[in-house]
Amino acid sequence: MTVQELLSRVSSRELAEWIAFFELEPWGTEVEDWRAGLIASTIANANRDQKRRRRPYEPQDFIPRRDVPTKQIEEQSVEDQIAIVEMWARILSAANQEGGR
């Protein structure tokens, strides 16, 4: 839905109420990730060997990071891509030959 469609269907008062509700009870992927991280950290801490890992796990340890990469990634040249495909072809060929024995 576009902003124009939203504004044609929802009054500004209702939109303001939804915004206020979101401030009180947020929803979406960030909240879901936090909830899953909390569950994962609880399970990990219940099964943690305290001698091997003294620091308890935290929800952030299990939440995917969505940081913007600071380092610019170089584009692969056509030659690099061909070399990668050839490498995978050799690997798969060797695996098939071993599997056929």
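Remember, it's a predicted structure, so these values are computed and weren't measured experimentally. (Residues numbered from 1 in each chain as written. Predicted model: local features only at pLDDT ≥ 70, side-chain atom pairs only at ≥ 80, totals over all residues. Heavy atoms only, no water.)

Undergrad: Outline the pattern of salt bridges, supporting the account with residue identities and numerical values.
TA: This structure, assessed with the given rule, holds 3 salt bridges. The closest approach of N and O atoms between Arg13 and Glu17, which form a salt bridge, is 3.2 Å. Of this pair, Arg13 and Glu17 are both found in helix 2 (residues 12-24), 4 residues apart, which corresponds to roughly one turn of the helix. Its relative accessible area of 64% is what places Arg13 among the exposed residues. Owing to a relative accessible area of 45%, Glu17 belongs among the partly exposed residues under this scheme. For Asp61, the salt bridge identified is with Arg55, shortest N-O distance 3.8 Å. Taking the relative accessible area as the measure of exposure, Asp61 reaches 38% and is therefore partly exposed. Residue Arg55 is classed as partly exposed on the basis of its relative accessible area of 42%. (Salt bridge = Lys/Arg side-chain N within 4 Å of Asp/Glu carboxyl O. Helix = DSSP H or I, 4+ residues; strand = E, 2+ residues; numbered from the N terminus. Buried < 20%, exposed > 50% of the residue type's maximum accessible area, 1.4 Å probe, protein only.)

Undergrad: Could you give me a rundown of the packing of aromatic side chains, with the residues and numbers involved?
TA: Enumeration according to the criterion identifies 5 aromatic pairs in this entry. With a centroid separation of 6.2 Å and an interplanar angle of 85°, the aromatic rings of Trp18 and Trp27 are classed as edge-to-face. Ring centres of Phe22 and Trp27 lie 4.7 Å apart, and the angle between their planes is 85°; on these two criteria the pair is classed as edge-to-face. Overall, the relative accessible area of 46% leaves Trp27 in the partly exposed class. Taking the ring centre of Tyr57 as reference, the NZ or CZ of Arg53 above it sits at 3.8 Å. (Phe/Tyr/Trp six-rings, centres within 6.5 Å; stacked < 30°, edge-to-face > 60°. Lys NZ or Arg CZ within 6 Å of the ring centre and 35° of its normal.)

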